[in-house]
Amino acid sequence: MDSLSGHYIGDVASAMAAVLGSRLTGVYLHGSAVLGGFDARRSDIDVIVVCERPMTADEQAAAAERLRRDRLPCPAQGLELSVVTLPVARHPTAQPPFELHVTTAADDTKVVDGHGHEGDPDLVLHFAVCRRAGRLVGPGRSPAEVFAPVAHDLVVAQLVSELRWAAERAPGEYAVLNACRAWRFAAEGTLVSKIDGGQWALHRVSAMSHELVQSALDRQRCLPAAELDPREVTRFVRWILSRIIDASA
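Residues numbered from 1 in each chain as written. Predicted model: local features only at pLDDT ≥ 70, side-chain atom pairs only at ≥ 80, totals over all residues. Heavy atoms only, no water.

Draft legend 1. View of the environment of F98. For F98, the position within the fold is in the loop between α4 (86-90) and β4 (100-105). The exposure class assigned to F98 is buried, which follows from its relative accessible area of 5%. (Helix = DSSP H or I, 4+ residues; strand = E, 2+ residues; numbered from the N terminus. Buried < 20%, exposed > 50% of the residue type's maximum accessible area, 1.4 Å probe, protein only.)

Draft legend 2. Just the sheet that holds strand β5 (residues 108-113), in detail. Judged by pairing direction, the sheet is mixed, and its 6 strands sit side by side in the order β5-β4-β3-β2-β1-β6 without closing on themselves. Strands at the two margins of the open sheet, each flanked by one partner only, are β5 and β6 (135-136). Here strand β2 (residues 44-51) runs beside strand β3 (residues 78-85); their pairing, made up of 8 bridges, is parallel. The residue bridging V49 from the neighbouring strand is V83, located in β3. Contacts between helix α1 (residues 3-20) and the sheet are confined to β1 (24-30), β2, β3 and β4, with β2 contributing the most and set at about 25 degrees to the helix. (Pairing = 2+ DSSP bridges. Contact = heavy atoms within 4.5 Å. Axes fitted to C-alpha atoms, helices over the stretch in contact; angles between N-to-C directions.)

Draft legend 3. Layout of the packing of helix α7 (residues 152-169) against helix α8 (residues 172-188). Relative orientation of the contacting elements α7 and α8 amounts to 160 degrees, with a least axis distance of 9 Å. Classified by the angle between their axes, α7 and α8 sit roughly antiparallel to one another. Crossing handedness for the pair α7 and α8: left-handed. Of the residues in α8, those touching α7 at H152, V155, V156, L159, E162, L163, W165, A166 and A167 are Y174, A175, N178, A179, R181, A182 and F185. Of the residues assigned to the contact of α7 with α8, the class counts are 12 nonpolar, 2 polar and 2 charged. (Parallel < 35°, antiparallel > 145°, perpendicular 65-115°, else oblique. Left-handed = near helix turned anticlockwise from the far one by under 90°. Nonpolar A, V, L, I, M, F, W, Y, C, P; charged D, E, K, R; others polar.)

Draft legend 4. Spatial organisation of the pattern of salt bridges. Here the structure, examined in full by the defined rule, presents 14 salt bridges. Residues E65 and R68 are paired through a salt bridge, measuring 2.7 Å at the closest nitrogen-oxygen approach. Its relative accessible area of 34% is what places E65 among the partly exposed residues. Of the residues examined, R68 reaches a relative accessible area of 35% and is grouped as partly exposed. We note a salt bridge from R184 to E188, for which the minimum N-O separation is 3.0 Å. One end of the pair, R184, and the other, E188, are both in helix α8, 4 residues apart, so they sit about a helical turn from each other. Members of the salt-bridge network, linked through shared partners, are R42, E173, R219 and E227. (Salt bridge = Lys/Arg side-chain N within 4 Å of Asp/Glu carboxyl O.)

Encoded structure:
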């Protein structure tokens, strides 16, 4: 990460420590910042905060206030932060409950109270990445102490769900590279960044798909590249989905 983003992460950790005090287990950086491929021009800063016990309404409000974009400007596309309790991190499920979710991207600013919420399936992959490569920011317990291993079938199920979502709603390069990293996990059990997944797939696809994946990589790196054909993106994602589903059967 660049120095501005690194400094910002420290400020986020300090803000959460001020709110939670001794009940803070740790603040953990995950996503592209730890897996690779982080680019402040297009990447979010992804953070999981773990606390000993559920947050109070006052703590939720105080955290949301301290993390507001106008109060703590993010040097990347935005902050995506979730707060969970230690028991939740240690016992991952298909839809982990959460205390609070905050995003500060200009086009997707929101604060979600997790109390009474049905849970967030996105946390499955976040927990898996924190367990494998998460970075503790500030004082606290190491990721290996906090995040239990996530069952392989839970990770695959969430990757498949994300692929189906991305094929319909995400930019073409996101859909293609997310498919590549899902394929690598299904093949090798390794969670990697979208860029690493794309580079891995380049040597395993047909000539036609090779061009699609290379264009997706170039666009993800903010290099000159043509728009991806939505039909080719859909075809590629469906092909990857069939391979993952067959491998998991």
